[in-house]
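Here's the letter readout for the chains.
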Amino acid sequence: WARINQGVRALGHATAGNVEREAINGEGGCGCAYPDYVDAAFADAQGAVALDGYLVDAHVLLGDTFRRRAEPKKALQAYDKARSLDDESLAAILGYASVLRDMGLDDKRPRRSLRLAKAIPLYLAALQQAPNDPRIMFEYGRALEIHGDMTAALELYREAAMLDATDVRPHLRVVAAY
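What counts as what
- Starting from 1, residues in each chain are numbered consecutively following that chain's sequence as written.
- Residues qualify for local features only when their pLDDT is at least 70, as the model is predicted, and side-chain atom pairs are given and counted only at 80 or more; totals for whole chains, interfaces and linings, by contrast, use all residues.
- Just so you know, side-chain values use all the structure's heavy atoms and leave hydrogens and water out.
- In this analysis, rings of Phe, Tyr and Trp, with Trp reduced to its six-membered ring, are considered paired at centre separations within 6.5 Å, and the interplanar angle assigns stacked below 30 degrees, edge-to-face beyond 60, and tilted for intermediate values.
- Every helix listed is a DSSP run of H or I at least four residues long, and every strand listed is a run of E at least two residues long, numbered separately from the N terminus.
- Each residue gets one of three labels from its accessible area relative to the maximum for its type: buried under 20%, exposed over 50%, partly exposed in between, using a 1.4 Å probe on protein chains only.
- In this analysis the charged atom, NZ for Lys or CZ for Arg, is taken to sit over a ring once it is within 6 Å of the ring centre and within 35 degrees of the ring normal.
- For patch detection, residues must exceed 30% relative accessible area and be free of salt bridges, and they are connected within 9 Å for like charges or within 5 Å for nonpolar side chains (Val, Leu, Ile, Met, Phe, Trp, Tyr).
- Calculation of accessible area relied on Shrake-Rupley with a 1.4 Å probe; when residues are assessed, cover is drawn exclusively from the protein chains displayed.
- Salt bridges are defined as contacts in which a side-chain nitrogen from Lys or Arg sits within 4 Å of a carboxyl oxygen from Asp or Glu.
- Positive residues here are Lys and Arg, negative ones are Asp and Glu, while His and the chain termini are left out of the count.
- Charge coordinates come from a single atom per side chain, which is NZ of Lys, CZ of Arg, CG of Asp or CD of Glu.
- In this description, a nonpolar core means a group of buried Ala, Val, Leu, Ile, Met, Phe, Trp, Tyr and Cys residues linked to one another through side-chain atoms lying within 4.5 Å.
- Note on definitions: a residue-residue contact is assigned when non-hydrogen atoms from the two residues lie within 4.5 Å.

A.B. asks: Explain the packing of aromatic side chains here, please?
C.D. replies: One pair of aromatic rings is described through two measures. These are the centre distance and the angle between the planes. In total, this model carries 3 aromatic pairs according to the counting rule given. On the numbers, 5.2 Å between centres and 65 degrees between planes, the contact of Phe42 with Phe66 is edge-to-face. Placement of Phe42 in helix H3 (residues 35–51) and of Phe66 in helix H4 (residues 56–68) is noted, with a sequence separation of 24 residues between them. Classification of Phe66 by relative accessible area gives buried; the value is 10%. Ring plane angle 40 degrees and centroid distance 5.6 Å describe the contact between Phe138 and Tyr157, whose orientation is recorded as tilted. With Phe138 in helix H8 (residues 134–147) and Tyr157 in helix H9 (residues 150–163), this residue pair connects regions lying 19 residues apart in the sequence. Across this residue pair, the class does not change: Phe138 and Tyr157 are buried. For the cation-ring pair, Arg69 lies above Phe42, with the distance from its terminal atom to the ring centre recorded as 3.9 Å.

This is how it looks when you write it as C-alpha cells:
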C-alpha cells in the first residue's frame, strides 16, 4: 500500500496546475507540468503490481499513469485488469470510461464515436453506485458535452460544483460554455 500511496501523491503533484488547462481545453492525456512525478508514480504502480498483481488500486494507479503518459491503449488494459479484479471499483470504471471517451475524440466524428457510446453506460452505472460523486458527474458531463447534449452536461457540471466547490474544473466548463 505504501507504493500505491506514494504513487498517488506523485501523480497528484504531476497534475498540479494542469486542472484549469484541461478543464478549459477539454484535453485528456498528459501535458503534465511535472513529468518526473508521473515517472515516479509509474514506477510505484509497476512496483505495486509486481508485489501483488491482485491489488485493484495498483492497476488503477497504473492506468492513471498510462493516461498521463498519453498511452491510452495501455491505460485501458490496466483499468480493464482492475475491473476484472473488482467489477464494482468506481476508480476502475471511471478511468476506463474516461479513456474510452478521450479516445473517441480522435475519431472522425467524435459525437458518433463507438468509444463514446461504450463510455456513456459505464458512467451511468458508476452514477447508480455513487449518485453524489462529483468526479463521476464531471467526467460524465464531459462525455455528454462531446455527445452534443450541452444542457445535460451543464446540469452535471453545476451539481458537481455544488458538491465539491474546491474542484475548479466544473466551474471552468460552465464558464467556457457561455
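A.B. asks: Is there a simple way to think about a negative patch on the surface in this case?
C.D. replies: There is a patch of like negative charges on the surface, built from Asp57, Asp86, Asp87 and Glu88. By the secondary structure assignment, Glu88 is in the loop between helix H5 (72–85) and helix H6 (90–104).

A.B. asks: Whenever I open this one, the pattern of salt bridges confuses me. Can you help?
C.D. replies: Under the criterion given, the structure shown has 14 salt bridges. Between Arg142 and Glu139 there is a salt bridge; the shortest N-O distance is 3.8 Å. A residue pair is termed a helical-turn pair when its members lie 3 or 4 positions apart in one helix, as Arg142 and Glu139 do in helix H8 at 3 residues. The same class applies to Arg142 and to Glu139, which are both buried. Across the pair Glu139 and Arg169 runs a salt bridge whose closest N-O atoms are separated by 3.4 Å. Pair noted here: Glu139 is in helix H8 and Arg169 is in helix H10 (residues 168–177), with a separation of 30 residues, a long-range link. Each member of the pair Glu139 and Arg169 is classed as buried. If you follow the salt bridges from partner to partner, you end up with Arg67, Arg101, Asp102, Glu139, Arg142, Asp167 and Arg169 in one network.

A.B. asks: I keep staring at the nonpolar core and nothing clicks. Help me out?
C.D. replies: Soluble globular proteins: nonpolar side chains tend toward being buried together. The biggest cluster of nonpolar side chains holds 41 residues, and the ones touching the most others in it are Tyr123 and Tyr140. Taken together, the elements giving at least two residues each to this core come down to H3, H4, H5, H6, helix H7 (114–129), H8 and H9. Looking at this core, the element that brings in the most residues is H6, giving 8 residues. What Tyr123 contacts, discounting residues up to four positions off in sequence, is Leu94, Ala97, Ser98, Arg101, Ile136, Glu139, Tyr140 and Ala143.

These figures come from the coordinates and say nothing about function on their own.
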